[in-house]
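# Coordinates in review
Here is what each chain is made of, one letter per residue.
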Amino acid sequence: AIDIAKLRDLTGYVTLDVGYKNTGATKSAITFLDGELGILKYRGYPIEQLAEKSSFTEVAYLLIYGALPTADELKDFETKISRHTLVHEDMKKFFDGFPAGSHPMGQLSSLIGALAAFNPLSLKPGLTAAEVDDEIIKLLAKMSTLVSWIYKKSLGHPFIYPQNKYDYVSNYLHMTFGQRTEEVEISPVVVSAMNKLLILHADHEQNCSASTVRIVGSSDANLYASISAGISALWGPLHGGANQAVIEMLEKIKADGGDTDKWIAKAKDKNDPFRLMGFGHRVYKNFDPRAKIIKKACDDILEDLGINDEVLEIAKRLEEVALSDPYFVERKLYPNVDFYSGIIYRALGFPTEMFTVLFALGRLPGWIAQWKEMKENKEPIGRPRQIYTGPTTRDYTDISSR
Ligand code: ACO
C-alpha cells in the first residue's frame, strides 16, 4: 500500500476529492455494499435474509460484535438492554425547555449529547472493553425511551415508562402508542414491520452520518457526543431527512392534482432546484436492495391495516415514469430506501417530522459498530487537508482607510 503521508512529504501534493466521491476513509469489516449490483450485506449476511428472518436486537448484536448471537448471548444482550431503559428523571426537564413544535431531530441530538453528562464514566480516558460495552447497552436502551418521549411531547401527552416484559421493539411501540390509563394492544403486524424497517436502516457503511460518528470519535470524543453528531448529520434532507422530504413532496404533488409528469419535468429542469426526493444514491447505481424489500412490506402493511393511501399511488406512478425516462435511466437514478419508508411510517400513525428520528433509532447499532471498530483499529484523528484558494498575503489596513 502507498504511504500517503510519505508521498505528501515527498511531493507536496494532497489528494482533492470534494465530497469524498472516491476516497476510502477506512478499512471496515461491518457492511459490504456493491452499488453497481445492488448488494447489501451486514457482516456477510444478505440484507434480504436478515430482513426476513432476524429481529432488530439480533441484527444490532451482529453489527456491534461481528457474529450472530447464540440464544443465550441474545437473551443476555436483551436482558441487559431492558435493565437500562429508564432514563434519569432530570432528563425530563429538557423536554420542558424545548418549545412546542420544535423538530424531533434537534431534540434527539441534544438529548443524546446530554446523556454524557448523566454518564460521566463515559468521559474517562482509556475505558476497558467491559466499560465500553456498558455504555453501548445504556445508549441502545435509553435511545428508544427518548425517541418515544419525543413523540409524546409532540402530542402533549404524558410520558409512558418502559416495561421489561416487552422485547425492544414492542417496548418502543408501547411507550409510543401506549397510554397510562389502559393497556394498548400492539398488533404483531406492526411489530414485524417496525423490526424490518429498523433492520433495513441499521447500517450502510461510510455514509455521511457514519463518517461523522467516526471522525468525531477519532478525536477521542465520548460515545454519546459522537452519536449525537451522527444524528445531526442524518437530519439533512440529502441524507436521512429524505424520508420526511419524500412524504412532503408526495403530499404537494397530491395537492397539486397528482400530475406526476409535471413534477418529473421539474426534477429534470436544471434551472429548477427541485429534485425528486427518494431518488438517486451516491453509491447505488442500481435498485437499492432495501427499497425492494420496503416496497413489498409497504404493500403488505397497507393491506393488513386496510389503508388505501392515495400518496402510495402517486409514489408508484412517479417510480414507473422515472424508471422509463432517459434522464433517470442515464444517470442511474433509482428509488432509495427513503422512497417507501415514509409511507409505512405514516400508515403506522407516525407524524412526518418523526420519520428521521425513526431512521436514527434504526441506524444506532450501525453508528455504534462504526465507532467501536474505529476505536479498536486505533485509527488516527480524522483531519482532511485542503487546497487553499484564498488571497495571498495582504497587509492590514486601518478601518478608517478601508
Ligand atoms: N432528482 C433529479 N435529479 C437528480 C436526483 C434527483 N433526486 N439525484 C441526482 N440527480 C442528478 C443530478 O442533478 C446530476 O445531474 P447532472 O449530471 O446532469 O448534473 C446527477 O443526477 C448526479 O447527481 P449528484 O448530485 O452529482 O449525485 P450525488 O451522488 O452527489 O448525490 C444524492 C446523491 C444526494 C442522494 C442525490 O441523488 C439526491 O439529492 N437525491 C435526492 C435526496 C435523497 O433521496 N436522499 C436520500 C439518499 S439515501 C439516504 O441517505 C438514506
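Predicted, not measured: the structure shown is a model, and the values here were computed from it.

Okay, the overall build of the chain next. If you tally the helices and strands in the chain, you get 18 helices and three strands. With respect to the three principal axes, the spread of C-alpha positions in the chain is 70 × 55 × 55 Å. Counting only residues that meet the buried cut, the chain has 41% of its 402 residues in that class.

Relative to the elements of secondary structure, I301 occurs in helix α14 (residues 289–304). When the C-alpha atoms of I301 and K196 are compared, they prove to be 12 Å apart, with 105 residues separating the residues in sequence. When sequence neighbours within four positions are dropped, the list of residues in contact with I301 reads V189, A193, I344 and A347.

Quick look at the site of the ligand now. Around the ligand, the surrounding shell holds 18 residues, and the nearest of these are A242, R275, F279, G280 and R282. For the shell around the ligand, the per-class residue count stands at eight nonpolar, six polar and four charged.

Residue alternation in strand β2 (residues 39–42) divides its side chains into a buried set, L40 and Y42, and an unburied set, I39 and K41. Here strand β1 (residues 31–34) pairs with β2 via four bridges, running antiparallel. Following the sheet pairing, F32 is matched in β2 by K41. Connecting the antiparallel pair β1 and β2 is a turn made up of four residues, with G38 showing a positive phi of about 70°. Two strands pair when backbone bridges link them, and β2 and strand β3 (residues 45–46) are joined in this way by two bridges, in the antiparallel orientation. When the bridges of β3 are listed, K41 appears paired with P46. What sits between β2 and β3 in their antiparallel hairpin is a turn of two residues, with R43 showing a positive phi close to 50°.

Here helix α6 (residues 104–118) spans 21 Å end to end across 15 residues, near enough to the 21 Å set by a 1.5 Å rise per residue. All of the buried residues in α6 are P104, M105, Q107, L108, S109, L111, I112, L115 and A116. The elements touched by buried residues of α6 are α5 (92–97), α7 (129–155), α11 (223–235) and α18 (355–376).

Strand pairing within a sheet occurs via backbone hydrogen bonds; the two strands may be parallel or antiparallel. Here three strands make up an open sheet; going across it, the order is β1-β2-β3 and the pairing antiparallel. Of all strands in the sheet, those bounded by a partner on one side alone are β1 and β3.

All right, on to the UniProt feature "active site" (unreviewed entry) in the chain then. Feature annotation in UniProt places "active site" (unreviewed entry) on H281 and D338, given in this structure's numbering. Across 58 residues in sequence, these annotated residues keep their C-alpha atoms within 10.6 Å of one another, forming a single compact spot. Those residues in contact with H281 that lie beyond four places of it in its chain are D288 and N336. By secondary structure assignment, the location of D338 is in helix α17 (residues 338–347). Among all residues touching D338, those that are not within four sequence positions of it are A242, N243, V246 and G278.

Right, let's get into the nonpolar core. Counting residues in each nonpolar core, the largest one holds 105 residues, and the members touching the most others are V59, L63, L108, L139, I294, I344 and V357. In terms of residues, this core owes the most to one element, α18, which gives twelve residues. The residues touching I294, leaving out its near neighbours within four places in the chain, are L200, V337, Y340, S341 and I344.

As a further point, take the packing of α14 against α17. Relative orientation of the contacting elements α14 and α17 amounts to 25°, with a least axis distance of 8 Å. Classified by the angle their axes make, α14 and α17 are roughly parallel. In this structure, α14 crosses over α17, and the sense of that crossing is left-handed. The residues of α17 that touch α14, namely those facing A291, I294, K295, A297, C298, I301 and L302, are F339, Y340, S341, I343, I344 and A347.

Turning our eyes to something else, we now look at the confidence of the model for the chain. Of the residues in the chain, 100% reach a pLDDT of 70 or more, and the chain-wide mean stands at 93. Predicted as a complex, the structure gets a pTM of 0.91 and an ipTM equal to 0.94.

Let us look at unusual backbone geometry. If a residue is not glycine, its phi is most likely negative; likewise, a peptide bond is most likely trans. Phi at R43 is positive, roughly 50°, even though this residue is not glycine. Checked against the element boundaries, R43 lands in the loop between β2 and β3. The class of R43 is partly exposed, set by 19 C-beta atoms lying within 10 Å. Of note, the phi angle at K378 is positive, near 50°, even though the residue is not glycine. Relative to the helices and strands, K378 resides in the segment after α18.

Calculation criteria
Residues numbered from 1 in each chain as written. Predicted model: local features only at pLDDT ≥ 70, side-chain atom pairs only at ≥ 80, totals over all residues. Helix = DSSP H or I, 4+ residues; strand = E, 2+ residues; numbered from the N terminus. Buried ≥ 20, exposed ≤ 12 C-beta atoms within 10 Å, placed from the backbone. Contact = placed C-beta atoms within 7 Å. Near = placed C-beta within 6 Å. Nonpolar A, V, L, I, M, F, W, Y, C, P; charged D, E, K, R; others polar. Pairing = 2+ DSSP bridges. Expected span 1.5 Å × (residues − 1). UniProt positions renumbered as here; feature names shortened; annotations may be inferred. Core = buried A, V, L, I, M, F, W, Y, C linked by C-beta atoms within 7 Å. Axes fitted to C-alpha atoms, helices over the stretch in contact; angles between N-to-C directions. Parallel < 35°, antiparallel > 145°, perpendicular 65-115°, else oblique. Left-handed = near helix turned anticlockwise from the far one by under 90°. pLDDT = per-residue confidence, 0-100.

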